[in-house]
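Okay, here's what each chain looks like letter by letter:
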Amino acid sequence: MRWAGILDGMRYTTQFLLSATAAAQFPPPGAPEVAFLGRSNVGKSSLLNALVGERAARVSSTPGRTRAINFFALLDKSERRKLVFADLPGYGYAKISKSISTGWPKFIEPYLAERAALVLCVCLVDANVPPQASDKQLLDWLRAEDRFFVVVATKVDRLSGNERARSLTALEKALEVDEVVPVSAKTGIGIRELWARIEAAG
Ligand SMILES: Nc1nc2c(ncn2[C@@H]2O[C@H](COP(=O)(O)OP(=O)(O)OP(=O)(O)O)[C@@H](O)[C@H]2O)c(=O)[nH]1
Ligand SMILES: [Mg+2]
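Residues numbered from 1 in each chain as written. Chains lettered and ligands numbered in written order. Predicted model: local features only at pLDDT ≥ 70, side-chain atom pairs only at ≥ 80, totals over all residues. Heavy atoms only, no water.

Visitor: Would you mind going over helix H5 (residues 191-201) with me for this structure?
Guide: An α-helical turn contains 3.6 residues, so any two residues separated by three or four positions project in the same direction. Within H5, the full set of buried residues consists of Ile191, Leu194, Trp195 and Ile198. For H5, the angular spread of buried residues about the axis comes to 105 degrees, placing them on one side. Facing away from the buried side of H5 by over 90 degrees, the exposed positions are Arg192 and Ala200. Contacts made by the buried residues of H5 are with strand E2 (33-38), helix H1 (44-52), strand E3 (69-75), strand E4 (81-87), strand E5 (118-126) and strand E6 (149-154). (Buried < 20%, exposed > 50% of the residue type's maximum accessible area, 1.4 Å probe, protein only. Helix = DSSP H or I, 4+ residues; strand = E, 2+ residues; numbered from the N terminus. Arc of directions from axis to C-beta. Contact = heavy atoms within 4.5 Å.)

Visitor: Even after reading the chapter, I still don't get the sheet that holds strand E7 (residues 180-182), so can you show me in this structure?
Guide: Adjacent strands of a sheet form backbone hydrogen bonds with each other and so pair up, either parallel or antiparallel. The mixed open sheet is built from seven strands, whose spatial order is E1-E3-E4-E2-E5-E6-E7. Since the sheet does not close on itself, it has two edges, and those belong to strand E1 (13-20) and E7, each with one partner. For this sheet the average axis-to-axis angle between neighbouring strands, irrespective of direction, equals 25 degrees. Pairing between E2 and E5: six bridges, direction parallel. Directly across from Glu33, in E5, lies its bridge partner Leu118. Helix-sheet contacts for helix H3 (residues 133-144) involve E2, E5 and E6, and the interaxial angle to E5 is about 165 degrees. (Pairing = 2+ DSSP bridges. Axes fitted to C-alpha atoms, helices over the stretch in contact; angles between N-to-C directions.)

Visitor: Just to check I follow, could you spell out the pattern of salt bridges for this structure?
Guide: Note that side chains of opposite charge can pair when their charged atoms are close. Throughout the structure, instances matching the rule amount to seven salt bridges. Here Arg143 makes a salt bridge to Asp140, at a shortest N to O gap of 2.8 Å. Highlighted residues: Arg143 and Asp140, both in helix H3, separated by three residues, approximately one helical turn. A residue is classified by how much of its surface remains accessible, and Asp140, at 33% relative accessible area, is partly exposed. Here Arg197 and Glu193 are joined by a salt bridge, their closest N and O atoms 2.7 Å apart. Note that Arg197 and Glu193 are positioned in helix H5 at a spacing of four residues, about one turn of the helix. In this structure Arg197 comes out as partly exposed when scored by relative accessible area, which is 25%. (Salt bridge = Lys/Arg side-chain N within 4 Å of Asp/Glu carboxyl O.)

So this is what it looks like as structure tokens:
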């Protein structure tokens, strides 16, 4: 199913911009930017693809595969950039080398703290996994930086209705947020809801 076209009721296409491993490589800020953040393997690239209705971002079978910030532009039919999506490297995957794992904040913090175009952080947590300290740390950090964020619980297709409700309640409580939006890149659950949040922020 294609979800493209929901944004402003317009059709648009997705264009890969660049892959950045240092702040100097970030594209010049322009259109409102939305960042996808979460632990390795939580489903960032899959969710981004579900939102744009194409296979724009690479989905990994090996956790920790995305090592750079990958920028994608959403273009309207006049080729104007309406939005930019930033697919960020995952954090907190135990098996990756220590240097990469501890290097994450060094690389990401300047982006999250200083990026002028960044209007919304989509923070992904796995609905199938108990609340994680690393996710709480990220949210606390974003709050301290006054960044707008929405927390989404991924892969809810794997849970029954009751399990899903329990997981969402536990996540909301542990992460101290009013709402966690359930999503599935596989079935499309929550994609329209998330689009509404993105439109409201942009
Ligand atoms: N069942 C189910 N599986 C999913 C869903 N989203 C992602 N996955 C699977 O989870 C794995 C990781 O997905 P990615 O989208 O690559 O996750 P990521 O957060 O981008 O991973 P890194 O870039 O390595 O940090 C893949 O095997 C996906 O097929 C979902 O909504 N439902
Ligand atoms: Mg990825």
